[in-house]
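Structure at a glance
For reference, the chains in residue letters:
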Amino acid sequence: MSHLDWAVLAAALVGMVAYGVWRGGRSRDIRGFLLAGNEMRWGTVAISIMATQASAITFLSTPGQAYADGMRFVQFYLGLPVAMVVLAVTAVPLYHRLKVFTAYEFLENRFDLKTRALTAFLFLTQRGLAAGLTIFAPALILSVILGWNLRVTIVVIGSLVVIYTTSGGARAVGRTQVLQVGIILAGMGAAFVVLVASLPSGVSLLDAMHVAGKAGRLNAIDLSFDLSNRYTLWSGLIGGTFLALSYFGTDQSQVQRYLAGRSVAASRLGLLFNGVAKVPMQFGILFLGALVFAFYQFEAPPVFFNPVQTAKVRASAEGGRFAALEQRYHELTAVRQQRALDLVRVMDNGDPQARRDAERAFVQAGSEADATRRRAIALIREADPGADPSDTNYVFLSFVVRYLPAGLVGLVLAVVFAASMSASSAELNALASATVVDVYRRLLDPGASERRYLLVSRLATIFWGIFAIAFAQQASRLGSLVEAVNILGSLFYGTILGIFLVGFYLRSISGTAVFVSALIAEAAVVACYLLTPISFLWYNVVGCAFVVVLAATCQRFLRPRAPSALPAGG
Amino acid sequence: MDDSASGASSPSPEGGAEGSPRRPSPVPIPEAREEPPPFGGRWNTLYAVVLGTLAVLIALFYAFTKAFE
């Protein structure tokens with residue numbers, strides 16, 4: 001990194017923290033601290049919702065995902081717009097009417113205290129761990145690229161977030177997210193422009209897309225119906241809708257963002273904007289990854305993108321064998337480069353047979369290079385059995401450091417920090433809310449003063465910051481981070497969504513029936529994860545369906561219950 | 001905003017739902033005034049725009065996949 005990169009990165013970091021502390025102001029009560037005094041405009045709500053979901057993992061791991069597996073991951077997001085509409089119709093007016101701080105307060109109104117406590121506990125567990133991953137991702141990248149100590153880097157990043165989140169609460173989170181999204185858009189836009197400009201002369205953007213497509217990297221839609229296939233149109237539309245309903249409707253880190261809206265209209269518009277913008281945004285990030293793949297068809301990529309792991313195997317007893325494989329890989333990628341250029345050339349001359357031959361030769365050269373890369377990865381595992389065989393998280397940043405000009409490297413690193421800080425600050429703010437409102441104020445100290453609750457809110461923010469930092473220290477062997485986060489969420493979200501759906505729509509079902517059903521459903525989801533090949537998006541359907549069906553069944557054996565006095569959603 | 005009106009600190013009979021008579025909500029729930037959206041005329045129009053955009057995106061992504069496979 002050049003001095004200019006360091007200056008850009010330092011300016012962005014100091015600016016974000018200072019801006020957060022300044023715009024956060026001083027809250028006088030917990031409604032100000034936890035819900036920004038319900039004063040957010042719809043545009044701020046919309047940006048806050050998007051920035052909370054899009055962490056550094058989104059910008060680092062997603063392009064790598066497209067590099068390794070193509071763009072089919074975009075289908076994961078196809079249920080999101082449907083969920084945004086459902087929540088805008090049902091949950092938003094209901095939460096506003098109840099004037100709740102957390103989504104889990106609704107459950108006590110509707111069911112009972114134990115159901116509220118169980119759901120808040122599931123949220124605190126899942127989100128506390130996820131906050132650790134959110135901090136871990138950029139720390140890992142920095143430690144690998146700059147050679148910093150990973151543990152120290154995690155502590156530094158986590159501490160920066162804790163400073164302004166503890167100081168300004170939800171107002172600081174929301175205002176800073178607007179600045180952070182600006183940095184993210186600038187950095188990713190600049191990376192895209194440089195990437196396209198870096199293609200070899202004679203290779204246009206369209207040519208690069210054809211090359212990526214022939215290698216199966218532009219596979220955005222898969223119509224097959226296969227429960228073990230992770231990303232298809234159907235798993236995205238069905239499983240993805242359930243996941244998004246649960247995440248945006250019941251996860252406090254998101255509910256808190258739109259509860260901070262100044263009106264029902266502000267909250268609804270925030271969600272609906274996300275419904276329109278999120279899928280194209282993810283498509284754009286994946287497309288960037290697919291273009292990085294195309295770029296490396298004309299350049300020599302490293303055989304493995306994690307430089308730390310590569311250095312380890314070179315220094316081991318397997319170093320000689322690894323060097324031979326690297327040499328072989330470079331020879332094969334040189335052949336692949338020539339085949340890619342041949343393909344581009346015949347694409348322009350219009351001869352169908354020559355084109356088919358060139359495609360076949362290019363795919364064959366790619367297969368041979370990939371086979372050698374797999375052997376190199378196997379050797380890395382042989383030399384270090386604890387090594388992570390996935391280098392997905394390093395692909396994009398490896399490209400950035402190697403090919404972007406001075407200044408832009410610092411800007412892209414600032415993107416990574418901005419995204420991580422925006423997501424983790426919202427998570428810490430939400431964890432503090434659930435801790436104070438659902439645990440401390442409800443169970444431990446119901447009659448305390450506002451000042452005391454405000455103090456406990458700040459202490460809870462610090463506690464969860466430390467918890468997240470501690471978990472981040474253990475998170476280095478989870479493979480693709482973006483998948484790890486989503487798998488973790490899917491283990492809990494279906495059950496939580498089932499509880500809320502029963503609360504919203506099945507008004508004759510009691511708290512005990514839904515509580516017992518939720519415990520059984522969670523056990524069933526964990527069993528699916530441990531014992532079956534079912535893809536994780538379907539866990540959301542399984543957990544939700546178990547809760548709804550079992551609760552309805554249990555209720556038949558309990559005494560009938562009069563319908564809740566609460567209004568149904570909508 | 002009155003925090004006590006949130007219901008968070010209102011005691012609720014734990015597990016007392018089964019067979020209990022119709023339990024009044026712990027807090028009075030005012031009906032929210034249905035605000036029109038600041039643009040687009042009606043909320044249903046905006047919902048249709050979101051779902052229509054999704055349908056168009058899926059069609060475009062499918063065409064994109066087929067064009068480059």
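Residues numbered from 1 in each chain as written. Chains lettered and ligands numbered in written order. Predicted model: local features only at pLDDT ≥ 70, side-chain atom pairs only at ≥ 80, totals over all residues. Heavy atoms only, no water.

Okay, the overall build of chain A next. Check the secondary structure of chain A and you find 22 helices and 0 strands. Principal axes of the C-alpha set define a box for chain A whose edges measure 75 × 50 × 45 Å. Here chain A, with 570 residues, has 63% of them falling under the buried criterion. Within chain A, contacts between residues separated by at least 24 positions form 86% of all contacts whose residues are at least 6 apart in sequence. Of the roughly 19100 Å² of accessible surface on chain A, a fraction of 64% belongs to carbon and sulfur atoms. For chain A, the separation between the mean place of its 47 positive charges and that of its 32 negative charges on side chains is 11 Å. (Helix = DSSP H or I, 4+ residues; strand = E, 2+ residues; numbered from the N terminus. Buried < 20%, exposed > 50% of the residue type's maximum accessible area, 1.4 Å probe, protein only. Contact = heavy atoms within 4.5 Å. Areas by Shrake-Rupley, 256 points an atom, 1.4 Å probe, with all protein chains shown as cover. Lys, Arg positive; Asp, Glu negative; His and termini not counted. Charge placed at Lys NZ, Arg CZ, Asp CG, Glu CD.)

Glancing now at the overall build of chain B. Looking only at helices and strands, one finds 1 helix and 0 strands in chain B. The 69 residues of chain B split such that 35% are buried. When the accessible surface of chain B is totalled, it reaches about 4000 Å², and 63% of it is carbon and sulfur.

Negative phi is the rule for most residues except glycine; trans is the rule for most peptide bonds. Residues and elements named next belong to chain A. The phi angle at Lys99 is positive, at roughly 55°, despite the residue not being glycine. Residue position: Lys99 is located in the loop between helix 6 (91-98) and helix 7 (103-110). Taking the relative accessible area as the measure of exposure, Lys99 reaches 36% and is therefore partly exposed.

Residue and element names in this part refer to chain A. Looking at where Gln473 falls in the secondary structure, it is placed in the loop between helix 19 (450-472) and helix 20 (481-505). Of the polar contacts made by the side chain of Gln473, one reaches the backbone oxygen of Arg151; its length is 3.4 Å. Those residues in contact with Gln473 that sit more than four places away from it in its chain are Arg151, Ile154 and Val155. (Polar contact = N/O pair within 3.5 Å; in protein donor to acceptor, adjacent residues only side chain to side chain.)

Overall, the coordinates contain 22 salt bridges over all chains when judged by the stated rule. Lys66(B) is the partner of Glu69(B) in a salt bridge, and the nearest nitrogen-oxygen pair spans 3.2 Å. A residue is classified by how much of its surface remains accessible, and Lys66(B), at 42% relative accessible area, is partly exposed. Sharing partners across several salt bridges, the network here consists of Glu108(A), Arg116(A), Asp438(A) and Arg442(A). (Salt bridge = Lys/Arg side-chain N within 4 Å of Asp/Glu carboxyl O.)

Here we come to helix 9 (residues 150-197) of chain A. Residues and elements named next belong to chain A. If you check helix 9, its first and last C-alpha atoms are just 33 Å apart, much less than what 48 residues at 1.5 Å a residue would give, namely 70 Å. The largest bend along helix 9 reaches roughly 125° and is located at Gly169. The N-cap residue of helix 9 is Asn149: its side-chain oxygen and the backbone nitrogen of Arg151 are 2.8 Å apart. (Expected span 1.5 Å × (residues − 1). Bend = angle between axes of the 7 residues up to and from the residue.)

Right, let's get into the confidence of the model for chain A. Averaged over chain A, the pLDDT score is 87; the fraction of residues at 70 or greater is 96%. Here residues 565-570 of chain A is a poorly scored stretch, pLDDT under 50, and it has 24 contacts once near neighbours within four places are set aside; other chains count. (pLDDT = per-residue confidence, 0-100.)

Right, let's get into the packing of helix 1 (residues 3-24) of chain A against helix 18 (residues 408-444) of chain A. Each packed pair of helices is defined by two parameters, the angle between the axes and the distance between the axes. Residue and element names in this part refer to chain A. One way to put it is that helix 1 packs onto helix 18 with a least axis distance of 7 Å and a crossing angle of 25°. On the basis of their axis angle, the class for helix 1 and helix 18 is roughly parallel. When the axes of helix 1 and helix 18 are compared, the crossing they make is right-handed. Contact residues: Asp5, Val8, Leu9, Ala12, Leu13, Met16 and Val17 in helix 1; Leu408, Val409, Gly410, Leu411, Leu413, Ala414, Phe417, Ala418 and Met421 in helix 18. Residue composition of the contact of helix 1 with helix 18, grouped by class: 14 nonpolar, 1 polar and 1 charged. (Axes fitted to C-alpha atoms, helices over the stretch in contact; angles between N-to-C directions. Parallel < 35°, antiparallel > 145°, perpendicular 65-115°, else oblique. Left-handed = near helix turned anticlockwise from the far one by under 90°. Nonpolar A, V, L, I, M, F, W, Y, C, P; charged D, E, K, R; others polar.)

All right, on to the confidence of the model for chain B then. Residue and element names in this part refer to chain B. With 52% of its residues at a pLDDT of at least 70, chain B reaches an overall mean of 64. For the stretch residues 1-30, pLDDT sits under 50, and the model shows 75 contacts to residues farther than four places along the chain or on other chains. Under the prediction, the complex receives an ipTM of 0.82, its pTM being 0.82.

Here the focus is the packing of aromatic side chains. Per the stated rule, a full pass over the model turns up 39 aromatic pairs over all chains. Measuring from ring centre to ring centre gives 5.2 Å for Phe283(A) and Phe64(B), while their planes differ by 70°; the resulting arrangement is edge-to-face. Remark: Phe64(B) occurs in helix 1 (residues 43-68) and Phe283(A) occurs in helix 13 (residues 264-295); the pair is interchain, linking two chains. Each member of the pair, Phe283(A) as well as Phe64(B), carries the same accessibility label: buried. (Phe/Tyr/Trp six-rings, centres within 6.5 Å; stacked < 30°, edge-to-face > 60°.)

A cluster of nonpolar side chains, Leu223(A), Phe225(A), Leu227(A), Trp234(A), Ile238(A) and Tyr62(B), forms an exposed patch at the surface whose accessible area comes to about 540 Å². Tracing the backbone shows Leu223(A) in the loop between helix 10 (205-214) and helix 11 (233-250). (Patch = residues over 30% accessible without salt bridge, like charges linked within 9 Å, V, L, I, M, F, W, Y side chains within 5 Å.)

Turning our attention to the nonpolar core. Counting residues in hydrophobic clusters, the biggest one holds 174 residues, and the most contacted among them are Tyr95(A), Leu218(A), Phe248(A), Met421(A), Phe500(A) and Phe64(B). With 18 residues, the top contributor of residues to this core is helix 18 of chain A. Beyond its immediate sequence surroundings of up to four residues, Leu218(A) is in contact with Met71(A), Met209(A), Ala212(A), Gly213(A), Phe287(A), Ala290(A), Phe64(B), Thr65(B) and Phe68(B). (Core = buried A, V, L, I, M, F, W, Y, C linked by side-chain atoms within 4.5 Å.)

Here we take up helix 19 of chain A. Residue and element names in this part refer to chain A. Counted at 1.5 Å a residue, the expected span for helix 19 with its 23 residues is 33 Å, and the 33 Å between its end C-alpha atoms agrees. Within helix 19 the residues assigned to the buried category are Tyr453, Leu454, Val456, Ser457, Arg458, Ala460, Thr461, Trp464, Gly465, Ala468, Ile469 and Ala472. Check the buried side of helix 19 and you find it contacts helix 2 (30-35), helix 8 (113-146), helix 9 and helix 18.

Residues and elements named next belong to chain A. Within the element layout of this structure, Val173 appears in helix 9. Remark: the alpha-carbon pair of Val173 and Ala36, spanning 137 residues in sequence, is separated by 9.0 Å. When near neighbours in sequence (up to four residues on either side) are disregarded, Val173 contacts Thr165, Arg257, Ser425, Ala426 and Asn429.

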